[in-house]
Amino acid sequence: MASIGEDITRKLIESSGIKNGMKVLDLGCGNGNVTFLLADYIGQDGLIVGIDSNENAINEAKLKSKKLGLSNIFFHLGNLDQDFKLGYSGFDAVIVRRVLMYLPNPKKTIQTTLNYLKPKGLFLAQENDLSLTPIGLKSMPEHIKIISLIKKTLEKENVNLKMGLELNTILTDVGLSVEKVWVETAISTPNQPTPWAYLGKMMKDRMLEQKVINDVSEIGLETLEKRLSEERVINQSTFITDLVFCGIGRKITS
Ligand SMILES: C[S@@+](CC[C@H](N)C(=O)[O-])C[C@H]1O[C@@H](n2cnc3c(N)ncnc32)[C@H](O)[C@@H]1O
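Since the structure is predicted, the reported quantities are computational estimates derived from the model, not experimental observations.

**Student:** What's the story with the nonpolar core in this structure? I'm lost.
**Tutor:** Burial of nonpolar side chains together is a common tendency in soluble globular proteins. Val24, Ala93, Val94, Ile95, Phe123 and Leu124 are the most contacted members of the largest nonpolar core, which totals 41 residues. Ignoring sequence-local partners within four residues, the contact set of Val24 consists of Ile18, Leu38, Ile42, Gly46, Ile48, Phe91, Asp92, Ala93 and Ile95. Membership of the second largest hydrophobic core comes to 9 residues, among which are Ile146, Ile147, Met207 and Val212.

As structure tokens, then:
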């Protein structure tokens, strides 16, 4: 199954100049969704290093890499909040997807990362912004409810829901030459499914932990997908659920 936002990530990679043979660092790689996507572009001659603080995700990524027989992809456990050390240097590019929003000091993390990037190396970011969405003409209470539970949970976890809108400033402030920042939207229509039921299911334990819900029955997970789908059909609604900011910067110092 394609990961959420994969088409946007492909567009970001393809418009950046990442190519066969390059050495790329995937910051906050999780279980490797972006890493394995990148593998298509850098080929056998390139190299990718993924780093993440979630041990389970790193183990899952290592297992997948082994199953696929990829010998030029490496995953490491590391905390991006600290002055992390990598046994590699001279990367042609760094990519970060949906990670800066989780970091207490994203500028510091990027600055540490720049030490590993070659002069004129690329910095690619894809970060969601949830501060202005959902946007639509019709009342969509079922959609609004699950989206606001997810947003509340993220806010309580100190996730920056405005990261997309702040991306250009952050990339500029760390000294990158920002070549391009643009926004893509994820929309839902009566015929187009949304990720919200899936995300609701994925985040139910975190909702409980953050006391955003007292009981999972409040979300009605068993019928959520169906209720959301029916609501879109009844309303014949087009609905902007998400803004996805993409940015490409270049290291200008040595
Ligand atoms: C929403 S996931 C995105 C994963 C992956 N980049 C993707 O797009 O599929 C956010 C990731 O950031 C990682 N993360 C958050 N804070 C981190 C930190 N301080 N150090 C390392 N990784 C971190 C999480 O463990 C998680 O894997």
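Additional details are given in the paragraphs that follow.
**Student:** Sorry, what's going on with the confidence of the model for the protein here?
**Tutor:** When pLDDT is low, close inspection of the predicted coordinates is not appropriate. Looking at the protein, pLDDT values average 93 and 98% of them are 70 or higher. The least confident element of the protein is strand 6 (residues 135–136), whose mean pLDDT is 88; the most confident is strand 4 (residues 91–97), at 98.

**Student:** When you look at the site of the ligand in this model, what are you seeing that I'm missing?
**Tutor:** In the vicinity of the ligand lie 18 residues, with Gly28, Gly30, Ser53, Asn54 and Leu80 positioned nearest. When its residues are assigned to classes, the shell around the ligand shows 7 nonpolar, 7 polar and 4 charged.

**Student:** Explain the pairing of strand 1 (residues 23–27) here, please?
**Tutor:** Along any regular strand, the residues point their side chains to alternate faces of the sheet. The buried fraction of strand 1 amounts to 5 of the 5 residues, a majority that puts the element mostly inside the structure. Burial of strand 1 is two-sided: the residues Lys23, Leu25 and Leu27 facing one way and the residues Val24 and Asp26 facing the other way are all buried. Of the pairings in the sheet, the one linking strand 1 to strand 2 (residues 47–52) comprises 5 bridges and is parallel in character. In the sheet register, Lys23 faces strand 2, and the bridge partner there is Leu47. Handedness of the strand 1-helix 2 (residues 33–42)-strand 2 crossover: right-handed.

**Student:** How do you make sense of unusual backbone geometry when you look at a structure like this?
**Tutor:** Note on backbone geometry: most residues besides glycine have negative phi, and most peptide bonds are trans. Residues Thr133 and Pro134 are joined by a peptide bond in cis, for which omega reads 5°. A positive phi is found at Lys120, a non-glycine position, where the angle reads about 70°. Mapped onto the elements, Lys120 comes out in strand 5 (residues 117–129). The exposure class assigned to Lys120 is exposed, which follows from the 12 C-beta atoms found within 10 Å.

**Student:** Got a minute to help me understand the packing of helix 1 (residues 6–14) against helix 2 in this structure?
**Tutor:** Helix packing for two helices is described by the angle between their axes and how far apart those axes are. Where helix 1 meets helix 2, the closest approach of the two axes is 11 Å, and the angle between their N-to-C directions is 45°. Relative to helix 2, the element helix 1 is oriented oblique. Regarding helix 1 and helix 2, the two cross each other, and that crossing is right-handed. Of the residues in helix 2, those in contact with Glu6, Thr9, Arg10 and Ile13 of helix 1 are Val34, Leu37, Leu38 and Tyr41. Grouping the constituent residues of the contact of helix 1 with helix 2 by class yields 5 nonpolar, 1 polar and 2 charged.

**Student:** How should I be thinking about helix 9 (residues 221–235) in this particular structure?
**Tutor:** Residues separated by three or four positions in an α-helix point in the same direction, a consequence of the helix having 3.6 residues per turn. An ideal rise of 1.5 Å per residue puts 21 Å on 15 residues; helix 9 measures up with 21 Å between its terminal C-alpha atoms. Among all positions of helix 9, only Leu228, Glu231 and Arg232 are buried. Buried residues belonging to helix 9 abut helix 5 (141–156), strand 7 (176–188) and helix 7 (196–202). With its phi angle positive at about 45°, Gln236 sits one or two positions after the end of helix 9.

**Student:** Explanation requested: the environment of Val233 in the structure shown.
**Tutor:** Inspection of the secondary structure assignment puts Val233 in helix 9. Taking the C-beta count within 10 Å as the criterion, Val233 has 12 such neighbours and is therefore assigned exposed.

**Student:** Would you take a moment to explain helix 1 for this structure?
**Tutor:** Among all positions of helix 1, only Thr9, Leu12 and Ile13 are buried. One side of helix 1 holds all its buried residues, which, seen down the axis, span an arc of 95°. Of the exposed residues in helix 1, those oriented more than 90 degrees away from the buried face are Asp7 and Glu14. Against helix 2, strand 4, strand 5 and strand 8 (239–251) lie the buried residues of helix 1.

The rules behind each value
Residues numbered from 1 in each chain as written. Predicted model: local features only at pLDDT ≥ 70, side-chain atom pairs only at ≥ 80, totals over all residues. Core = buried A, V, L, I, M, F, W, Y, C linked by C-beta atoms within 7 Å. Buried ≥ 20, exposed ≤ 12 C-beta atoms within 10 Å, placed from the backbone. Contact = placed C-beta atoms within 7 Å. pLDDT = per-residue confidence, 0-100. Helix = DSSP H or I, 4+ residues; strand = E, 2+ residues; numbered from the N terminus. Near = placed C-beta within 6 Å. Nonpolar A, V, L, I, M, F, W, Y, C, P; charged D, E, K, R; others polar. Pairing = 2+ DSSP bridges. Right-handed = clockwise from strand over helix to strand, strands pointing away. Axes fitted to C-alpha atoms, helices over the stretch in contact; angles between N-to-C directions. Parallel < 35°, antiparallel > 145°, perpendicular 65-115°, else oblique. Left-handed = near helix turned anticlockwise from the far one by under 90°. Expected span 1.5 Å × (residues − 1). Arc of directions from axis to C-beta.

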